[in-house]
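Listed below, chain by chain, are the residues.
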Amino acid sequence: MRRTVLTASISLAVSGLLITGAGSPATAAGTARPHPPRADKSQAVQDARDSIAAHPKAVRASSDDTFKSASVLVDKDGTRHVHMTREYRGLPVLGGDVIVHSAPSGAFRESTLTLKDSLSLSVTPKVGAARAEALAQRKFQGKRSGTTSKLVVDALSGTPRLAWQVTVDGMAPDQSPSHFNVLVDALTGQVGQTWNAFHTVDGTGHGYQVGDVPLTTTAISGGYQLKDPTRGNGETRDAQNLTATNDSPPAGWGKAFTDTDNVWGNGTLTDRATVAADAHFGIQATWDYYKNVHGRSGIKNDGVGARSFVHYGNNYANAGWDDTSFSMIYGDGAPGDKPFTELDVAGHEMSHGVTSATAGLNYFGDAGGLNEATSDIFGTLVEFNANSPADAPDYLIGEKISSTPLRYMDDPKKDGVSQSCWTTGTKNLDPHYSSGVGNHFFYLLAVGSGSSQWGNSPTCDGGTVTGIGNAAAGKIWYRALTTYMTSGTTYPEARTASIKAAIDLYGASSSQCAAVEKAWNGVAVVPTSTTCGGGTTPPTGSNLLSNPGFESGAVSWTASSGVITNDTGAAPHSGSYYAWLDGYGSAHTDTLSQSVTIPATAAAPKLSFFLAIDTKESGTTAYDTLKAQVVSGTSTTTLATYSNATPGGYAQRTLDLSAFKGKTVTIKFTGTEDSSLATGFLIDDTAVTTG
C-alpha cells in the first residue's frame, strides 16, 4: 500500500470564513482524515497575510500599511517563509520589508524585519520632485542619460521620513553603466543616502583564461550560437567595444557569437571568441552551482538564464552585473592587460542578482557589506564547485585580475582597506571594504582559524574556530540569505539569520550551529538573543554505525519492507534516502536496526539521529509511538519513546549509551501505529559516537 501521509490533500470552505484555532472538523468513525498537502506558494502568501492581520504588532503594521509578496520559500516539511514588501499609505517603505514565517499548518511562528516601530508620518512633500532631482544630479559624476524620482518612506536611516528616491541613469567616468540612487528628504531637501544599483568588482584588469572547458551551445542554420538551451538560454554576446546607449544592455544588443565547428576561441586574445568562452563557462558554472547545490533554477529561480557581454567599452577595466538588464559585462582591461573574465568574478557578479531576487540587501551600511560578502562567498563556492585545473579554487577574490588579489577571505585587512573585525563604524565603509567582516566569518566557518593550505586566519576574540567545510557553510549562508535576511539586515542580524538557518538545517545542538556562533565571535559581531542552545552538547568522535544516512539503501541495516526509501512522498533530512516507519493509517509495526560494538574505553557513548513526526492525529494522547531501543542479549532497553502527540519537522535527538560500554548491541527503532489516523516517523543521519 502506498503511503500518502505527507502528500494527501483537502480543500475546505466554510461559508467563506477562515477560522484559526477552531480545531479540526469531525469525521465519521473509521474514516481517515486527508492530510494537508505541502502548501503551494499562493496558500503560503495567504497564510502570511492572515498572520499579519492577526499579529500586526509582530510586523509593526498599522491600518495604513499594505503588503505585497516578493518571494516565497516553502520548506520540505511545509514550513513557509514569505518575504513581503511594505507600502505606507501607498508609498514604498525602504527598509520596511518583512519575512513572515509560518508553520506547516499555516499558523504564525515569527517574523524577521528591521523596522523598529509602526509608521506614523505625513506623506505630503514640501520639496518638489524637480528640486529633488536637481539636488541628486549634483551628486552624480559621469554622463547622465535620464533622471526619475518617486516618493518613498525612508525607514533605513533612523527615524522614518518622507523622501524622494531619485535615480540618475548614465555612464560613470570609468564607462560603467550607472543607476545612481539618492534619497532626498521631501520635507527639508537634505540629501541623504546614496548607492549605485549597478555592482562592479574592483580591479584594473589582468584577466585570465579558464582553459579547455566544455560549453553547451545552440545549433543554428549553418553552425552554432553561443547560447545555452539547457541553462535558460543563457547567452554570451560581443559588445563590439561599445557601451549601451541606454546604460543597460537590452536583449539583442551587441553581436551574437556564431561558429561553424562549435570550437570557440584559440586560447589567445587574437580570437575575440576566446574570452567569450571564458564568460560562457562562467554562466554555466554559476548556474550549475546554484542548481546542483541549492536547487535554484537560475538567478531568479525562474529558469531564465543571464546574458554576458564581452569586449564591453573601450579599454574598460572592470566587470559588472546589471540587474535591470539581467546581464554581465566584461571589459577588455587597460591597454596591454587582459579581459575581466575570471571565474569567481562571474560567480560574484551573478550572485548580486541572486541577492537582489531574495533578500534585496541594500548597497550601503552593514547591508551593503553583506551584499558584497554574499557575492564573494558564492563566487568562491562557484570556483570550488567548478574545480577547474586552469584556476585552482581558493579563498582569494580576483587573484588573476591583478598582481595581487582584490580581497583576502582568510584575513581581509591584508588588502589595506577592508575590515576583518566588525565595529559600529563598519556600516560607514564602502561595501567592498565592509564586506571583509562577512568574508572573514565565512572563511572561519568553512575552513577554521589558524594556518591552513588556504591562508592564516586570526580571530578577533582570540578564540579557535574549527571549520565545517564549504558544503555546510554554503548551505547555511544560502538559507540565511533567502529565508531570514531583509533589505536592511545588519551584521548582528545576519548572525541571528545564520544561527536560525543552522538550526533549521542541522539542529540547535549541532556542531554546525556551534561553529556559526564561534565564527561570528571570531569577527567580533556581538551576540543577539538568538543562540543555538536548545539541546545537549552534540556527540563527538567517529560514527560507529555503517551507512548512517541510508544513502546506500538497506546496506548494513535490518528493516521492515519499505522502511529505507527515497520515496518523494516525504523528505530526507539530507541526501536522498531516509527511513520512514509507519504512516499507513492502519494497525502496523515497522522496525529498523543495526548491530554495533561500543568500546569499553568510550568516554561518553551516545546515539543521535534526526527525527521528524507527521501525523493526522490530534490532541495529547499517544496513539502511535516510536521507541528508540537497545537490544543486549535477551534484554531490550527503551531509551526514549516519541509519539503523535509531539509532531514536528526534523530535530536531532541524542540518547546516552553509557550503560552499554564494552558490549555488542543492536540499535533498534520500533514504530507502532494503531488502526486509524496515520502517523509517520522519519529518521535520518544516525550516529553512534564514543564521546
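Structure first, text after, so check above.
All values derive from a computational prediction rather than experimental measurement.

*Asks:* A description of the sheet that holds strand 12 (residues 223-225) should follow, citing residues and the corresponding values.
*Replies:* Pairing is antiparallel in the open sheet, where three strands are placed in the order 11-12-16. Both outer strands of the open sheet, strand 11 (218-220) and strand 16 (258-259), are each paired with one neighbouring strand and no more. Pairing geometry for strand 12 and strand 16, over two bridges, is antiparallel. Within the sheet, the bridge partner assigned to Tyr224 lies in strand 16 and is Asp259.

*Asks:* Account for the nonpolar core, naming residues and giving values.
*Replies:* Residues Phe378, Phe441, Met485 and Trp520 are the most contacted members of the largest nonpolar core, which totals 75 residues. Of all the elements, helix 3 (residues 273-294) adds the most residues to this core, at ten residues. In contact with Phe441, not counting residues within four places along its chain, are Trp477, Ser498, Val516, Ala519, Trp520 and Val523. Ranked by size, the runner-up nonpolar core spans 36 residues in total, among them Ile52, Val74, Met84 and Val184.

*Asks:* How would you explain the packing of aromatic side chains if you had to name every residue and give the values?
*Replies:* A full pass over the atoms with the stated rule returns 23 aromatic pairs. Ring geometry for Phe441 against Trp520: centres 3.8 Å apart, planes inclined by 15°, an arrangement best described as stacked. One end of the pair, Phe441, is in helix 6 (residues 431-446); the other, Trp520, is in helix 9 (residues 511-522), with 79 residues separating them in the sequence. Per residue, the accessibility class of Phe441 equals that of Trp520, and both read buried. Joined through ring pairs, the aromatic side chains of Trp253, Phe309, Tyr312 and Tyr316 make up one cluster.

*Asks:* Outline empty space enclosed by the protein, supporting the account with residue identities and numerical values.
*Replies:* In this structure the tally under the stated criterion is two cavities of 30 Å³ or more. Roughly 100 Å³ of internal volume is contained in the largest cavity. For the largest cavity, the full set of lining residues is Ile283, Thr286, Trp287, Tyr290, Gly298, Ile299, Val304, Gly305, Ala306, Met350 and Val354. Contributions of two or more residues to the lining of the largest cavity are made by helix 3 and helix 4 (343-357). When residues of the lining of the largest cavity are assigned to their parent elements, the largest contribution, four residues, is made by helix 3. Considering only residue class, the lining of the largest cavity consists of eight nonpolar, three polar and no charged. Estimated volume of the second largest cavity: approximately 30 Å³. What lines the second largest cavity is a set of ten residues, and nearest its centre among them are Asp278, Thr341, Glu342, Leu343 and Ala346.

*Asks:* Explain the side chain of Ser487 to me, and be specific about the residues and the numbers.
*Replies:* You can see Ser487 is positioned in the loop between helix 7 (470-484) and helix 8 (491-506). One polar contact links Ser487 to Asp97, side chain to side chain, over a distance of 2.7 Å. If we skip the residues at most four places from it in the chain, Ser487 touches Gly95, Asp97, Ala359, Gly360, Leu361, Asn362 and Ala367.

*Asks:* Can you explain the packing of helix 8 against helix 9? Please cite residues and give values.
*Replies:* Viewed as axis vectors pointing N to C, helix 8 and helix 9 meet at an angle of 165°, and their least axial separation amounts to 8 Å. Classified by the angle their axes make, helix 8 and helix 9 are roughly antiparallel. As for how helix 8 packs across helix 9, the hand of that crossing is right-handed. The residues of helix 9 that touch helix 8, namely those facing Tyr491, Ala494, Arg495, Ser498, Ile499, Ala502, Ile503 and Tyr506, are Gln512, Cys513, Val516, Glu517, Trp520 and Asn521. For the contact of helix 8 with helix 9, the class distribution of residues is nine nonpolar, three polar and two charged.

*Asks:* I'd like a description of the layout of surface pockets, backed by residues and values.
*Replies:* Estimates place the volume of the second largest pocket at around 1,200 Å³. Every residue lining the second largest pocket is counted, 48 residues in all, and those nearest its centre are Gln193, Thr194, Tyr363, Phe364 and Gly365. If you list the elements that add at least two residues to the lining of the second largest pocket, you get strand 8 (177-185), strand 9 (191-196), strand 10 (198-201), helix 5 (365-386) and helix 6. At four residues, the largest contribution of residues to the lining of the second largest pocket is made by strand 9.

*Asks:* Break down the sheet that holds strand 28 (residues 606-615) for me, citing the residues and quoting the values.
*Replies:* As summarised here, the arrangement of the five strands in space is 25-26-33-28-31, forming an open sheet in which the pairing is antiparallel. On the outer flanks of this sheet lie strand 25 (564-565) and strand 31 (648-656), each paired with one strand and no other. Across nine bridges, the pairing between strand 28 and strand 33 (residues 679-689) is antiparallel. If you follow Leu611 over to strand 33, its bridge partner there is Ile683.

*Asks:* Account for helix 4, with residues named and values stated.
*Replies:* Quick reminder: α-helices carry 3.6 residues per turn. Residues three or four places apart thus point the same way. The end-to-end C-alpha separation of helix 4 is 22 Å, in line with the 21 Å expected for 15 residues at 1.5 Å each. Buried residues dominate helix 4, accounting for 13 of its 15 residues.

*Asks:* How would you summarise the state of the cysteines if you had to cite specific residues and measurements?
*Replies:* Scanning the model with the defined rule gives two disulfides in all. The disulfide partner of Cys421 is Cys460, and the gap between their sulfur atoms is 1.9 Å. Residues Cys421 and Cys460 share a disulfide whose torsion about the S-S bond is about -95°; that sign makes it left-handed. With Cys421 in the loop between strand 21 (407-408) and helix 6 and Cys460 in the loop between strand 23 (455-457) and helix 7, this pair connects stretches of sequence that are 39 residues apart. Residue Cys513 pairs covalently with Cys532 via a disulfide, S to S 2.0 Å. Judged by the torsion about the S-S bond (-95°), the Cys513/Cys532 disulfide is left-handed. Here Cys513, found in helix 9, pairs with Cys532, found in the loop between helix 9 and strand 24 (558-559); they are 19 residues apart in sequence, far enough to count as distant. With its disulfide-bonded cysteines labelled consecutively along the sequence, the chain is connected as 1-2, 3-4.

*Asks:* Which residues make up the pattern of salt bridges, and what are the values?
*Replies:* Taken as a whole and assessed by the stated rule, the structure comprises 17 salt bridges. The partner of Asp47 in a salt bridge is Arg80, with the nearest N and O atoms 2.1 Å apart. Of the two residues, Asp47 is situated in helix 1 (residues 41-54) and Arg80 in strand 2 (residues 80-88); the sequence distance between them amounts to 33 residues. According to the relative accessible area criterion, Asp47 is buried, its value standing at 8%. For Lys68, the salt bridge goes to Glu87, with nearest N and O atoms at 3.6 Å. Of this pair, Lys68 sits in strand 1 (residues 65-74) while Glu87 sits in strand 2, and the two are 19 residues apart along the sequence. Residues joined by salt bridges that share partners form a network here, namely Asp75, Arg479 and Asp504.

*Asks:* Could you give an account of the environment of Ala628, naming the residues involved and the relevant values?
*Replies:* Counting through the fold element by element, Ala628 comes out in strand 29 (residues 625-632). Judged by its relative accessible area of 0%, Ala628 falls in the buried class. Expressed as a C-alpha distance, the spacing of Ala628 and Ala640, which sit twelve residues apart in the sequence, is 5.4 Å. The contact partners of Ala628, leaving out residues within four places of it in the chain, are Phe609, Thr637, Thr638, Leu639, Ala640, Tyr642, Leu655, Lys668 and Phe669.

*Asks:* Go over the pairing of strand 26 (residues 578-582), please, and point to the residues and values.
*Replies:* Burial runs high along strand 26: five of the five residues are buried. In terms of strand pairing, strand 25 meets strand 26 through two bridges, oriented antiparallel. Along strand 26, the bridge assignment pairs Thr565 with Tyr578. As judged from the four bridges shared by strand 26 and strand 33, these two strands associate in the antiparallel manner. Bridging across to strand 33, Ala579 finds its partner in Ile683.

What counts, and at which threshold
- Each chain carries its own residue numbering, running from 1 in the written order of its sequence.
- Residue-level local features of this predicted model are given only where pLDDT is at least 70; pairs of side-chain atoms are given and counted only at 80 or more, and the full residue set underlies all totals for whole chains, interfaces and linings.
- The side-chain quantities take in all heavy atoms of the structure and omit both hydrogens and water.
- Two strands pair if DSSP finds at least two bridges between them.
- Helix and strand definitions here come from DSSP, where helices need a minimum of 4 consecutive H or I residues and strands a minimum of 2 consecutive E residues; each element is numbered from the N-terminal end.
- We define a nonpolar core as any set of buried Ala, Val, Leu, Ile, Met, Phe, Trp, Tyr and Cys residues linked to one another through side-chain atoms lying within 4.5 Å.
- Whether a residue is buried, partly exposed or exposed follows from its accessible area with a 1.4 Å probe, protein chains only, as a fraction of its type maximum: under 20%, in between, or over 50%, in that order.
- Working rule for contacts: check all heavy atoms of both residues, and any pair within 4.5 Å makes them a contact.
- Stacked, edge-to-face and tilted are the three classes for Phe, Tyr and Trp ring pairs, Trp counted by its six-membered ring, which pair at centre distances within 6.5 Å; planes under 30 degrees apart are stacked, over 60 edge-to-face, the rest tilted.
- The way it works is a 1 Å grid over only the protein atoms, where trapped points that fit a 1.4 Å probe form a cavity and open points with protein on both sides within 12 Å along at least five of seven lines form a pocket, and then any residue with an atom within 4 Å of a point lines it.
- Grid points are joined across faces, edges and corners, and a volume is the space filled by probe spheres set on the points.
- Put simply, Ala, Val, Leu, Ile, Met, Phe, Trp, Tyr, Cys and Pro go in the nonpolar bin, Asp, Glu, Lys and Arg in the charged bin, and everything else, Gly too, in the polar bin.
- Two N or O atoms count as a polar contact when they lie within 3.5 Å, although within protein this holds only if one can serve as hydrogen donor and the other as acceptor, and sequence-adjacent residues are included solely when both atoms are side-chain atoms.
- To obtain an axis, a line is fitted to C-alpha atoms, over the contacting stretch when the element is a helix, and the angle between two such axes runs from 0 to 180 degrees between their N-to-C directions.
- Oblique is the label for any angle not under 35 degrees, not over 145, and not in the 65 to 115 range, which are roughly parallel, roughly antiparallel and roughly perpendicular in turn.
- In this scheme the handedness of a crossing depends on how the near helix is turned from the far one: anticlockwise by less than a right angle means left-handed, clockwise means right-handed.
- Here the expected span of a helix is defined as 1.5 Å times the quantity of residues minus one.
- Cysteine sulfur atoms are paired as a disulfide whenever they come within 2.5 Å of each other.
- One speaks of a salt bridge when a side-chain nitrogen belonging to Lys or Arg is within 4 Å of a carboxyl oxygen belonging to Asp or Glu.

Purely geometric numbers; function is a separate question.
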